[in-house]
Amino acid sequence: MESILERITRGHFWDFHGGIHPPEQKTITSSKPIKQLTLPKQLIIPLQQHIGREGDLLVNIGDKVLKGQPLTLSTNPMVVPIHAPTSGTISAIKNSVIAHPSGLTQLCIFLDVDGEDTWRKREVCTDIEQLSNNQIIEKIADAGISGMGGAGFPTHIKINTKPEINFLIINGAECEPYITSDDLLMMEQSDAIVDGIKIIDKVLCPAFILIAIEDNKPKAIKALQQATAGIEKIKVCAIPTKYPAGGEKQLIQILTGREVASGSLPIHSGIVMQNIATCFAINEAVRHDTPLIRRVVTVTGRALNKPQNVWALIGTPIKFLLEQCELEPLENESQPVIMGGPMMGFCVSSELVPIVKTSNCILAPDKVEMPSAFEKESKEVECIRCGQCSDVCPSQLLPQEMQWSAKAKDYPQLDKLNLSDCIDCGACAYVCPSQIPLVHYYRIAKAEIREQQQLDLKAEKAKVRFEARKLRLEKEKIARQEKHKKAAAARKAAMNKATPEAAGAKSAVAAALARVKAKKAASNTATPSVSETQESDLATNTDNDQKSQVSAAIARAKAKRQLKNNAAVKTSESNDANASDTKTTQQQVQSETASTQPISSDDKKAKIAAAIAKAKAKKLNKSSEANSADEVDKDIVTEKPSVQDAKKAKIAAAIAKAKEKAQAKNKAGASSKADEATEPTQEVAEVSSTTTGNNEGGDSEVHSSPALDKKAKIAAAIAKAKAKKKLKEANSVESESSDNMKDLNEEEKNSSEKLSAQQPDESK
Amino acid sequence: MNIIIAILVLGSIAAFFGAILGFASVRFKVDADPIVDQLDALLPQTQCGQCGYPGCKPYAQAVADGEAINKCAPGGEDTIKKIADLMGVEVQPLDESHVQGEASKSNRPKVAFVIEEDCIGCTKCIQACPVDAIIGAAKQMHTIIIDECTGCDLCVAPCPVDCIEMRELPDTIHNWQWDLTSIPVKQLD
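Quick notes on the rules
- Residues numbered from 1 in each chain as written.
- Chains lettered and ligands numbered in written order.
- Predicted model: local features only at pLDDT ≥ 70, side-chain atom pairs only at ≥ 80, totals over all residues.
- Helix = DSSP H or I, 4+ residues; strand = E, 2+ residues; numbered from the N terminus.
- Buried ≥ 20, exposed ≤ 12 C-beta atoms within 10 Å, placed from the backbone.
- Contact = placed C-beta atoms within 7 Å.
- Pairing = 2+ DSSP bridges.
- Core = buried A, V, L, I, M, F, W, Y, C linked by C-beta atoms within 7 Å.
- Domains from an automatic or database assignment.
- Axes fitted to C-alpha atoms, helices over the stretch in contact; angles between N-to-C directions.
- Parallel < 35°, antiparallel > 145°, perpendicular 65-115°, else oblique.
- Left-handed = near helix turned anticlockwise from the far one by under 90°.
- Expected span 1.5 Å × (residues − 1).
- pLDDT = per-residue confidence, 0-100.
- Right-handed = clockwise from strand over helix to strand, strands pointing away.

1. Re the overall build of chain A
Per the secondary structure count, chain A includes 25 helices and 16 strands. Split into buried and exposed, the 764 residues of chain A put 43% on the buried side. Of the contacts formed within chain A by residues at least 6 apart in sequence, a portion of 75% connects residues at least 24 apart.

Below is the structure:
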């Protein structure tokens, strides 16, 4: 321990492996003071600007916010809140391009600046000694401070560590060849930085504090030496300039000679490192209650007329900064803009990309100073195995080996080559004579390895969930079986009890069984008896159905037979007499069918079966007795009421009727002229009666069951319409017998009216 | 006499080693077949059943028993290669007959998504999900926990109103992949 300090005081430092000395471009901006910019018109503030997750939104579109007002809420230590960098109105909260090499969009708050720059109420803390460590950490967390060197790790986590800290290292190395933001900050704000360091000192209580500054920043070293004069604990170390001395592990090695082991953190060796800009932000947050809403950004490059360091509000679009520094617009070519340094930065995909907490440099090079940025295609050629890359690698890796494995996607081999220790410094790509973009290959491989790790984690989680589900289903199944067993046992027990209820239940079950048996027997016996009659097919249709159907069928069969007998007797009599007679028989049949109706009324199946049976029966009738068509017609009329409220049956009947009519007409044409006169009239009468019956039936259906299917009605209507058309044709042919027709029509109508009058009673 | 001594000595040695072996087989008994666990660890654990087995573990067991190694569609060539390495068999191309649905055809990871206004709350997808990644109750709208969904496709078929579709996960900076061959993105606003 002593020797480290002795060496440091003597100005002797260790060295890390490799490293490069790229041409310094710091003089472009280091001689000019940090410029205060005018307010941009609009700020685009990404919700997530650090490693971790985005916070919960606290504002809505249209809200007026004051400078320093928090915009998101931190609910979790890995969440860093963001604040309004100036006063204004939230105009939008939407996805926008962010400072990321992918050019992907993320949720951003669009703040229309009102130009007044009104602060929210601030509580200035004059004496930090009165604050407890927890209060300080809370203030740092609330101020939304994350590491401002590049990675953006939440600062309050980094300084809230328990183990004994030997060294607090303040990183002011700033090794990237262009960047001077920390340099300028140290020159101009050395007292504030030292105050910030004191705050960290109070929280962490390290044994020693080392401020590391590369020896190419003499002014900054001097400023800090003055500011820390008289403080024993703090040592300002002017380290030799070498890229990447600003890397965390490299700087620790330079200062202490210790190597941070692969996979471990500096904290494990009792070392905490903070960036200069972070120290300044901590001071602002704790003493002045000013959240992290601005930072120093080096806007540099030879494409700018006025390259300089500026105080940029978080969320300032790059375009605004480039305008302020007077970017020379290129003719017919787009200006490449690099965010970060030339070694580790990335080309931004849009000029709307905002400055975030980690952006320290905007580089707009011209063609002379950085031709590679203008090239569309890579000039990469084959590796010549020169080995320069491994000579300069600060992590002592084998970049050339790693490159081959990365190209071959051999991730296990990359793991063996310790790819995870690569700090993406770009030294290898810088020295590569074949211009291989080595770091890009490593980045791809790293991203893929990370993704694979996430997939593995997810697979593990899925496995656990799958196993849990299987277990649960198994348990549920067992529980269900047990329940069923119990219920069965309970039922059995109840049944076997000698109580009257149990006996009743028993007898009920026995009765039900008996009924089922009886039904079966009935249907078996019904089949042969009915099959003897004309309607054998009716019986076969219904024989496996309920008793009610059978009885209905029998009733109808009886009615038909009766009708036929009556008709046979009166075929010689006149038409008038016939009609009057049918009226009476109709009434008889009506009463019969009415008696059967209640049994079958609520059984749709039975109705359908009956309808089919009727249609078939009609056909049979027609073929057997061609000249006694009137009887069949009457038959239909009489049977009509029994199917009134069955939509399907109606359709079937309508179709059957239509067919039958056509048949009848054909036969009528062939039969004798005497019959000719009566047949069509009979037909008309029949159709009119059925149509009225149907209409009436339809109405009653609508009343009794409004949820009836429309389709059925439509089909029935179509069938009726067809039948009517045919009738009309028949009428025009046999107009001579119109008188007779009228008579019959009237009588049939009367009968059908009677039927329809009876209809509601039945349906009731 | 010498022969008897020799038999006794050899016999006692045999009995001694036999006892050691017997003890070892009892003392160091391995319950599960370790190869099955190793195979299970290689499988993607989507529990999709596309291989014809009810989950990844049963398929791992089957592979250990000599089943073809090229039936895991979600795992793809990588998984087949790993299994081939472990089992010491030849790498076989993926058996296309075990590729079902859209989920396994593209490389992009997909998750199921319930079109919530169409969901009738029938719970059929919940019963189908092998990893309990669907939340919902009878006659209540269902939704999918994206983080738990393995993209196995099993919930798509049972849905009576076809309100589940497989969607690709959006590109975020967390799952974004560097691609050197791609044309650099230029955002125009």
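So, next bit.
2. Thoughts on the overall build of chain B
Across its full length, chain B holds five helices and four strands. Element order for chain B, N to C, with α for helix and β for strand: α-α-α-α-β-α-β-β-β. Counting all 189 residues of chain B, 25% fall into the buried class. Counting contacts in chain B only where the partners sit at least 6 residues apart, residues at least 24 apart contribute 59% of the total.

3. Concerning the pairing of strand E13 (residues 308-313) of chain A
Residues and elements named next belong to chain A. In terms of burial, E13 is largely enclosed, as five of its six residues are buried. By the bridge criterion, two bridges tie strand E1 (residues 35-36) to E13 in an arrangement that is parallel. Paired with glutamine 36 across the bridge in E13 is tryptophan 311. Sheet topology note: the strand E12 (residues 294-300)/E13 ladder contains six bridges and is antiparallel. Across the sheet, arginine 295 pairs through a bridge with alanine 312, a residue of E13.

4. Some words on the nonpolar core
Soluble globular proteins: nonpolar side chains tend toward being buried together. Counting residues in hydrophobic clusters, the biggest one holds 127 residues, and the most contacted among them are A:Ile169, A:Ile211, A:Ala212, A:Leu321 and A:Ile362. For this core, the element with the most residues is helix H9 (residues 276-288) of chain A, which contributes eight residues. Residue contributions to this core reach at least three from each of two domains, namely domain 1 (2-347) and domain 2 (377-496) of chain A. The residues contacting A:Leu321, other than those within four sequence positions of it, are A:Val297, A:Val299, A:Val310, A:Ala312, A:Thr316 and A:Ile362. Judged by nonpolar contacts, the second largest core, of 18 residues, contains A:Ala462, B:Cys125, B:Ile134 and B:Ile144.

5. Examining the sheet that holds E13(A)
All names here are of chain A. Strand order across the open sheet formed by six strands is E1-E13-E12-E16-E14-E15, with mixed pairing between neighbours. Looking along the sheet, the strands with just one partner apiece sit at the ends: E1 and strand E15 (346-347). Packed on one face of the sheet, helix H5 (residues 181-188) meets E12, E13 and strand E16 (361-363) and runs near 125° to E12.

6. Some points on the packing of helix H3 (residues 133-142) of chain A against helix H6 (residues 190-204) of chain A
Residue and element names in this part refer to chain A. It is the contact of H3 with H6, at a shortest axis distance of 9 Å, that shows an interaxial angle of 130°. Taken together, the axis directions place H3 and H6 in an arrangement best described as oblique. The crossing of H3 and H6 is left-handed. Facing H3, whose interface residues are Asn133, Ile136 and Ile137, H6 presents Ile199, Lys202 and Val203.

7. Some points on H6(A)
Residues and elements named next belong to chain A. In a regular helix each residue adds 1.5 Å, so 15 residues correspond to 21 Å; H6 covers 21 Å between its end C-alpha atoms and thus fits that length. Taken together, the buried positions of H6 are occupied by Ser190, Ile193, Val194, Gly196, Ile197, Ile199, Ile200 and Val203. Two residues or fewer after H6 comes cysteine 205, characterised by a positive phi angle close to 50°.

8. Considerations on the confidence of the model for chain B
Across chain B, pLDDT averages 83, with 84% of residues at or above 70. Interface confidence for the predicted complex, given as ipTM, is 0.76, next to a pTM of 0.64.

9. With respect to the environment of A:Gly345
Residues and elements named next belong to chain A. Mapped onto the fold, glycine 345 is located in the loop between strand E14 (338-339) and E15. C-alpha of glycine 345 to C-alpha of glutamate 176: the two residues are 169 residues apart in sequence and 9.8 Å apart in space. Here glycine 345 is in contact with Ile338, Met339, Gly340, Cys361 and Leu363, once residues within four sequence places are set aside.

10. Describing unusual backbone geometry
With omega at -5°, the peptide bond leading from A:Tyr243 into A:Pro244 counts as cis. For A:Pro244, the position within the fold is in the loop between strand E10 (234-239) and helix H8 (248-256). For A:Asn418, which is not glycine, the phi torsion reads 60° and is therefore positive. Here A:Asn418 shows up in the loop between helix H13 (411-416) and helix H14 (427-431). Residue A:Asn418 is classed as partly exposed on the basis of its 15 C-beta neighbours within 10 Å. We note that B:Asp153 has phi near 85°; this positive angle belongs to a residue other than glycine. Classification of B:Asp153 by C-beta neighbours within 10 Å gives buried; the count is 23.

11. Section: the sheet that holds E10(A)
Residue and element names in this part refer to chain A. Here four strands make up an open sheet; going across it, the order is E10-E9-E8-E11 and the pairing parallel. Since the sheet does not close on itself, it has two edges, and those belong to E10 and strand E11 (271-275), each with one partner. Each strand axis lies, on average, 25° off the axis of its neighbour in the sheet, ignoring direction. In the sheet, strand E9 (residues 208-214) pairs with E10 via six bridges, with the strands oriented parallel. Its bridge partner being in E10, glutamate 214 is matched across the sheet by isoleucine 239. Lying over the sheet, H8 contacts strand E8 (167-172), E9, E10 and E11, oriented at roughly 115° with respect to E8.

12. Focus on the packing of H6(A) against helix H7 (residues 218-227) of chain A
All names here are of chain A. It is the contact of H6 with H7, at a shortest axis distance of 9 Å, that shows an interaxial angle of 55°. As far as their axial angle goes, H7 and H6 are oblique. Like other packed secondary-structure pairs, H6 and H7 cross with a definite hand, here right-handed. Facing Ser190, Asp191 and Val194 of H6, the residues of H7 in contact are Ala223, Leu224, Gln226 and Ala227.

13. Here's the deal with the environment of A:Thr161
Residues and elements named next belong to chain A. Looking at the secondary structure, you find threonine 161 in the loop between helix H4 (155-158) and E8. We classify threonine 161 as partly exposed; it has 14 C-beta atoms within 10 Å. Linking threonine 161 and glycine 270, residues 109 residues apart in sequence, is a C-alpha distance of 9.9 Å. Residues within four places of threonine 161 in sequence aside, it is in contact with Ile267 and Val272.

14. As for the pairing of E9(A)
Residues and elements named next belong to chain A. Counting buried residues in E9 gives six out of seven residues, a clear majority hidden from the surface. For E8 and E9, the ladder comprises six bridges, and the chain directions are parallel. Bridging from a neighbouring strand, glycine 172 pairs with isoleucine 213 of E9. Considered for its hand, the β-α-β crossover made up of E9, H7 and E10 is right-handed.

15. Observations concerning H9(A)
All names here are of chain A. Compared with an ideal rise of 1.5 Å per residue, which puts 13 residues at 18 Å, H9 spans 18 Å between its outermost C-alpha atoms and is within 8% of the ideal. Within H9, 11 of the 13 residues are buried, which leaves it mostly tucked inside the rest of the structure. Considered for burial, the residues of H9 that qualify are Ile276, Ala277, Thr278, Cys279, Phe280, Ala281, Ile282, Asn283, Glu284, Ala285 and Val286. Phi for aspartate 289, located one or two positions after H9, is positive at around 55°.

16. So, the confidence of the model for chain A
All names here are of chain A. Per-chain confidence: chain A averages 76 in pLDDT, with 68% of residues scoring 70 or above. Counted against residues more than four places away or in other chains, residues 669-707, with its pLDDT under 50, gives 77 contacts. In this model, residues 733-742 is a region of pLDDT below 50 whose contacts with residues beyond four sequence positions or in other chains number nine contacts.

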